[in-house]
Amino acid sequence: MVDIVGLRMLFSPTYAPNLRAIDIVGSIDETIVFNFGARFYDDEIYFLNKSWLYMFKNMKDRAEIKAYLSYDLFPLSILLVALIIAVSPWLCSHLLPHFLPYDNQRIIELIFLIIIAGGLSLYAPYRTHALQIWTTWPKHIQVSLLILLGLGLLSASLAAKPSWSLLEVSLYTLLFLFALSIAGLRQQPYIDLKLTATIYLSSLAYLIILFYTNIQHHVILVLVNFINPRFFGQYQILTLWLISLPLLLTRSHRSIKYMGYLISALWWSLAYVEAAKGVFIALAITIFILFILYKRNMLNWLIPHLFVAIGGFVIYVLLQHLSPLVKHDTSLAMYQIQPTAGSISFRLELWHTALKMIRQHPWLGVGPMHFSHTLPNTNAAHPHNSLLLLASEWGLPALGLMLWVAYYGINKWIQYSRQQLNPLTLSLSATLCSGLLYSLISGVFVTPLSQLLLAFIIGWMMGKAHIVQHRSLSETAHEALIACSLAASIGIIVIAGPMLPILTQQEIQWVITQHTAHSDSDTYFAPRFWIQGWIPM
C-alpha cells in the first residue's frame, strides 16, 4: 500500500474567503505514475486524487480520461513543440538549416498559425467554441474589429508595396484567430492546468537548451538563438509572472517545491543576463498598477514572486563570478544588429519619424509594415512603440478602434478578476500589463515569439472573463470564419512562400551591398518581418 499525500491550496482568506485549505489523501496498490492533476475552473481550484494508472484501470473513469485527452491538446501541444523548436539552435539548424535564427522563429510562427487556421477550418467543434466566444462580445466590439480589418486592408491596398502590407494584415489576422481559439478552449476540462503547463514546460525547455549549449561552448549564461537579448526579453516578460504559479497554488513535498523554486529562480536569472532596463521598469510599474487595482489583496501573491526574483539575482551573481563570458557576451550570436537599439536617443529618433509619418498620413497611415519601407532613414524597421506603430502604419482611426476594443477587454477583465481574485487571475493581470507596458518601448508586437505568447495570454484571459452561452450558430458564421482563416493562410503562403528559397541569400547580399556603399560605417540587420526588415530588401 502506497500513501499519496495530496496537494494543499495556498489560498489565504484574502484570495478566497469562502474556501478552506484542502488536504486530499488517497492510496493505491500499484506503482505511482503521476499522482495528481490540478485544474482551475473559473472560480475554484479542484485537486484530483487519482493517479493516471488508477484512472486507466477503472471503466467509470474513461469519460474523464477522454475529457482530459480532448482536442484542446491539439493547439497546445503544437504550440509547445513550436516554442521548443524556435528556441533550440540544434533543432533549428537541422529542421530549417538554410535560415538565420530570427527567420527560423518567424517561419515556425507562420507554420504554427497556418496549422491553427486549418484546425479552425476543418474541425467543427474547435470552430464552434471559438465562434461562441465571438458571440459573447457586444455588437459594437464585433463591428469595431471588422472595421479595423477593413481599414488595414484599405491601407494595404494603397501602400507603396501592397503585398508586404497584406502579409502583415494576414499575420495579425491569424494571431487574432489563434487568440480566439485559445479563448474557445475555456470550456474544456483542466484547461488552466494545460495552459499553465505550456508556459512552464516551454520555459523549462529553454533553460535546459541554454545551459547545455553554454556548457558545450564553455561559457556561462549566454543567451542562445536570439540575435538580440532584448528579443528574448520581449518573450520572457510574458512568462515571468506565470513561471512561479505552481509555487503559489500547491504545497507538495519539500524536494518538489525546492525544485520548482530553483527552476523559477533560474528563469528569472536570465532577466538579469538580458539586462534590459525596460523590462524592470515595466515590471515595477506593473506592481504599482496591480496595487491600485487590487489594493493589499495582491501582497500575498507578490511576496513569493519577489523571493523568486531575489533568488534569480543571487544565481546570476554566483554564476557571473564563474566566468568572464556573461551578460552581454555574443560569442554564440553570428549576426549583428544595431548596437544603439537600447538608448533613449535612439527611441526618440524613431518616435519622431513615426510622428512625422502620422502627420503626413493621418487617416490610413503609410501602410502596414511600411515604417520599414525604402532604404533605412532611421536605425530600425519599426518605431519601438506599439501605439505609434499602429498609428503611423494603419492610421489614427485604426488606433482609435484598437484602443476602444482594448479598453473594453481590459475593463471586462478587471471586473472579472476583482470578483474571482486568486493567484492565477493576478498572474495573468500582471503578465498582460507588463507585456503592454514593455511594448511601448520595444517590439513586443513585432518579434515572432512575443507575438505568439501575447496572443496566447490574451486568448486565455478572454476565455476566462466571458461567460459562454451555448447558442445555435448560423452556417454563415461558420463559413465566415472558415473564409477568414483560409484567406489569411493563403495570403501568408502566396506572399511569404516564394521568398523562402532565396531569403538568406538576399539578406546577406543586402548587407554586403550596404557595407560596400557605406564602407565608412558598420552595417547592421534591422529585424521586422524577417531579420533584414527593410522593404524592398
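Note that the coordinates shown come from a computational prediction; the quantities given were computed from them, not determined experimentally.

S.K.: Is there a simple way to explain the packing of aromatic side chains in this structure?
M.R.: Any two aromatic rings considered together are summarised by their centre-to-centre distance and by the angle between their planes. Taken as a whole, this structure holds 25 aromatic pairs when the rule is applied. Taking the centre distance of 6.2 Å and the plane angle of 55 degrees together, the rings of Trp137 and Phe176 count as tilted. Of this pair, Trp137 sits in the loop between helix H6 (124-136) and helix H7 (139-157) while Phe176 is found in helix H8 (residues 162-184), placing the two residues 39 residues apart along the sequence. With relative accessibility at 28%, the residue Phe176 sits in the partly exposed group. One aromatic cluster is present, formed by Tyr206, Phe226, Phe232, Tyr235 and Trp267 through successive ring pairs. Seen from the ring of Phe529, Arg106 lies directly overhead, with NZ or CZ sitting 4.8 Å from the centre.

S.K.: When you look at the packing of helix H16 (residues 344-360) against helix H17 (residues 386-394) in this model, what are you seeing that I'm missing?
M.R.: The geometry of H16 relative to H17 is characterised by a closest axis approach of 8 Å and an angle of 35 degrees between their N-to-C directions. Regarding H16 and H17, the two cross each other, and that crossing is left-handed. Contacts between H16 and H17 involve Trp351, Ala354, Leu355, Met357 and Ile358 from the former and Leu388, Ala391 and Ser392 from the latter. Grouping the amino acids of the contact of H16 with H17 by side-chain chemistry returns seven nonpolar, one polar and no charged.

S.K.: How should I be thinking about the confidence of the model for the chain in this particular structure?
M.R.: Detail in the predicted coordinates should be disregarded across regions flagged by low pLDDT. Confidence in the prediction of the chain, expressed as mean pLDDT, is 82, and 79% of residues score 70 or more. Of the regions scoring below 50 in pLDDT, residues 1-61 engages in 126 contacts with residues more than four places distant in sequence or in other chains. Contacts for the low-pLDDT stretch residues 326-336, under 50 throughout, to residues beyond four places or in other chains number 27 contacts.

S.K.: Looking at this structure, I do not really get the side chain of His305. What am I missing?
M.R.: Here His305 shows up in helix H15 (residues 299-320). Residue His305 is classed as buried on the basis of its relative accessible area of 1%. Other than its neighbours up to four places away in sequence, His305 contacts Leu240, Trp241, Ser244, Leu248 and Ser427.

Reading the values: the criteria
Residues numbered from 1 in each chain as written. Predicted model: local features only at pLDDT ≥ 70, side-chain atom pairs only at ≥ 80, totals over all residues. Heavy atoms only, no water. Phe/Tyr/Trp six-rings, centres within 6.5 Å; stacked < 30°, edge-to-face > 60°. Helix = DSSP H or I, 4+ residues; strand = E, 2+ residues; numbered from the N terminus. Buried < 20%, exposed > 50% of the residue type's maximum accessible area, 1.4 Å probe, protein only. Lys NZ or Arg CZ within 6 Å of the ring centre and 35° of its normal. Axes fitted to C-alpha atoms, helices over the stretch in contact; angles between N-to-C directions. Left-handed = near helix turned anticlockwise from the far one by under 90°. Contact = heavy atoms within 4.5 Å. Nonpolar A, V, L, I, M, F, W, Y, C, P; charged D, E, K, R; others polar. pLDDT = per-residue confidence, 0-100.

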